[in-house]
Number of protein chains: 2
Amino acid sequence: MNTNYEAYEQPGVTVDLAIFTVNKNKLKVMLVKRAEAPFLDFWSLPGGFLMHRESLEDAAYRVLTEKTGVKDVYMEQLYTFGAPERDPRARVITVAYFALIPWENLNQPESNKIKDLTWYSVDQHPKLAFDHKEILKYAVKRLRAKASYSNIVYGLMPEHFRLSELQTMYEIIINDKLDKRNFRKRMLATGLLQETGEKDLTGAHRPAMLYQFKKMEITFSN
Amino acid sequence: MNTNYEAYEQPGVTVDLAIFTVNKNKLKVMLVKRAEAPFLDFWSLPGGFLMHRESLEDAAYRVLTEKTGVKDVYMEQLYTFGAPERDPRARVITVAYFALIPWENLNQPESNKIKDLTWYSVDQHPKLAFDHKEILKYAVKRLRAKASYSNIVYGLMPEHFRLSELQTMYEIIINDKLDKRNFRKRMLATGLLQETGEKDLTGAHRPAMLYQFKKMEITFSN
DNA sequence: TATACTAAGTGTACAATGAACACTAACTAC
DNA sequence: GTAGTTAGTGTTCATTGTACACTTAGTATA
């Protein structure tokens, strides 16, 4: 590695986040409204500059916590975008992360629907600043891919849930219908689920057993 | 995204490459000897600072071509490493790439065994500068994983090859033995291989059909 | 209080895929 | 011409994935 530190004026380094949740049967992503140029008043993914003594992951986590108030969420590095003209004012490269948050864990998210932060359906969002459309597209692709071979979807579920809710979550992410019996067989066979003993008595129908995840990492995360 | 460009002194941005090849039945990675501090005389992955009007991928490709003289190789972004203390002198974040080159495509690689560039077996290499040990480990992990669900191994094969050579290549990468008949069935079933019509007559045994890849992209690359 | 409505919960048969396994063919060397 | 070496080829069995329909347990309401 060349260590001639003075050779080039160094680019800016930011992190940007695709923070996903699911609400009303739609996969949604957090967008914030820009308050300054460039792209004034455009929507963008939340992000920020990397601080001095901060790792990339810490920076991403900082932005995440600032915007959501939530800790202890699933997050992973997505990709680093560095096209020379991606920011019209200066050379800026951005390390993109994606994160998953259960809708239930967001603090009164409806009250956040003030003008500068909101949740948009991923397939129906406004024009985005910078190359954020591309970043979002890549994040959705990664999420959909991982949903089919890992248990990443767990990151979107509340503490306790019915199996039918879990199935619906999978269906929303992979955008396809699943067979109920096969789904249940497969999920229970993983050994990652645990009956809570409680039942969900809402609705005019047979009550459902509530499940939770056994405490462990999300598998196959890399 | 915060665009207060003047807020922080910006870190340096480099690219580093894990360039793999296979020779003498060993997976090898290119290492270069550092000619300056820090880590003077340590071995490291080849890399360099990002230039002004250059995309990250162009920078990686530039380093790759400088070091190998080879174009038209498989390369993908691996991960971005940004721990605050990874470079003892200044804040530097690095975007790591990995690349695959068939040994046959390297120009007289033996003559490169001058003191500052060589190929080391990935499981038997000297102490590396910076966090390059971690980067290399991550790259090997990614390569091994992808070998089992994609045709990424193609990137290591010469133009024409015997099926037994392809099998050996897989075995080296995944570090396990494969069944000959099942392997051939599976490979031919992909439809990605084409007989060249030529036979390899070397050796005191039945000659082998030579194959080539149909001209197309490596699939499942992301 | 009986009937309609709704989502929960359950098993089996068939197809597709993956894994194990051994002999014959075609050449060279001696 | 005999020994040595790698190329090339199918079948059986186990495992996994897929398709598919009825009964159960509650609520709502007539």
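Here the residue index of a chain counts from 1 through its sequence in written order. To label them, take the chains in the order written and letter them from A, then take the ligands in the order written and number them from 1. Where totals are concerned, whole chains, interfaces and linings use all residues; where local detail is concerned, this predicted model gives features only for residues with pLDDT of at least 70, and gives and counts side-chain atom pairs only at 80 or more. Derived side-chain values reflect all non-hydrogen atoms in the structure, with water molecules and hydrogen atoms excluded from consideration.

**Remarks on the nonpolar core**
What counts here: Nonpolar cores are built from buried Ala, Val, Leu, Ile, Met, Phe, Trp, Tyr and Cys residues. Side-chain atoms within 4.5 Å join them into one set. The rule is simple: take the accessible area with a 1.4 Å probe, protein chains only, and divide by the maximum for that residue type; under 20% is buried, over 50% is exposed, in between is partly exposed. By definition in these notes, contact holds between two residues if any of their heavy atoms fall within 4.5 Å.
With 48 residues, the main nonpolar core has A:Leu17 and B:Leu17 as its most contacted residues. Excluding residues within four positions of it along the chain, B:Leu17 makes contact with B:Leu45, B:Pro46, B:Ala60, B:Val63, B:Leu64, B:Met75 and B:Tyr97.

**Topic: the protein's contact with DNA strand C**
Heads up, the condition is: What makes a residue near a molecule or strand is one non-hydrogen atom of that residue sitting within 4 Å of it. As used in this structure description, the phrase polar contact means that two N or O atoms lie within 3.5 Å; if the pair is within protein, one of them must be able to donate a hydrogen and the other to accept it, and residues adjacent in sequence are counted only when both atoms belong to side chains. Where helices and strands are cited, they refer to DSSP runs of H or I of at least four residues and of E of at least two residues respectively, numbered from the N terminus. In this count, Pro and Cys sit with the nonpolar residues alongside Ala, Val, Leu, Ile, Met, Phe, Trp and Tyr, while Asp, Glu, Lys and Arg are called charged and the others, Gly among them, polar.
Around DNA strand C, the surrounding shell holds 21 residues, and the nearest of these are A:Ser164, A:Lys180, A:His205, A:Met209 and B:Arg206. At a separation of 3.4 Å, a base nitrogen of DNA strand C approaches a polar side-chain atom of A:Arg181. When contributions to the surface near DNA strand C are tallied by element, the ones reaching two or more residues are helix H4 (180-190) and strand S9 (208-213) of chain A together with helix H4 (180-189) of chain B. Counting residues per element, the surface near DNA strand C draws most heavily on H4(A), which supplies four residues. Its residues assigned to classes, the surface near DNA strand C shows six nonpolar, five polar and ten charged.

**Here's the deal with the pairing of strand S5 (residues 74-81) of chain A**
Residues and elements named next belong to chain A. This is how the line gets drawn: Here, a strand pair is defined by DSSP locating no fewer than two bridges between the strands.
The buried fraction of S5 is high, at seven of eight residues. Relative to strand S6 (residues 92-100), S5 is paired through seven bridges, and the arrangement is antiparallel. When the bridges of S6 are listed, Thr80 appears paired with Val95.

**Describing the protein's contact with DNA strand D**
Lining the immediate environment of DNA strand D, one finds 21 residues, of which A:Ala204, B:Ser164, B:Lys180, B:Ala204 and B:His205 sit closest. Taking the atoms of DNA strand D that fall within 4 Å of the protein, sugar and phosphate contribute 43% of them. Within the side chain of A:Arg181, an N or O atom sits 3.1 Å from a base nitrogen of DNA strand D. Residue B:Arg162 places a side-chain N or O atom 3.0 Å away from a phosphate oxygen belonging to DNA strand D. If you list the elements that add at least two residues to the surface near DNA strand D, you get H4 of chain A together with H4 and strand S9 (208-213) of chain B.

**Brief notes about the interface of chain A and chain B**
Which entries qualify depends on this criterion: Buried area: the accessible surface (1.4 Å probe) lost by two parts on joining, summed over both. Think of a salt bridge as a Lys or Arg side-chain nitrogen and an Asp or Glu carboxyl oxygen that are within 4 Å of each other.
Listed per partner, the contact involves 47 residues of chain A and 47 residues of chain B. Summing both partners gives a buried area of about 4,000 Å² for chain A against chain B, and 57% of it is carried by carbon and sulfur. The interface formed by chain A and chain B contains zero salt bridges. The interface formed by chain A and chain B holds eleven residue pairs in polar contact (both at pLDDT 80 or more) in total. Elements with a minimum of two residues in the side of chain A that touches chain B: strand S1 (12-23), strand S4 (47-49), S5, S6 and helix H2 (132-149) of chain A. Across the side of chain A that touches chain B, the residue classes tally to 22 nonpolar, 15 polar and ten charged.

**Details of the relation of the copies chain A and chain B**
Note: a rotation about an axis with an accompanying shift along it relates these two copies of the chain. For the record, the criterion: Superposing the copies works by least squares over the C-alpha atoms of residues that have pLDDT at least 70 in both of them.
At an RMSD of 0.0 Å, chain A and chain B line up after a rotation of 180 degrees and a shift of 0.0 Å along the axis. The relationship between the two copies is best expressed as a two-fold rotation axis. Both copies present the same face, since 100% of the interface residues in chain A are matched by interface residues at the equivalent positions in chain B.

**Some remarks on helix H3 (residues 163-174) of chain A**
All names here are of chain A. Our working definition: Every helix has an expected span of 1.5 Å times one less than the residues it contains.
With twelve residues, H3 ought to run about 16 Å at 1.5 Å a step, and its terminal C-alpha atoms sit 17 Å apart, in line with that. Buried within H3 we find Leu163, Leu166, Gln167, Met169, Tyr170, Glu171, Ile172 and Ile173. In this fold, the buried residues of H3 make contact with S1, strand S2 (26-33), H2, H4, strand S8 (193-200) and S9. Looking one or two residues beyond H3, the residue adopting positive phi is Asn175, at roughly 60 degrees.

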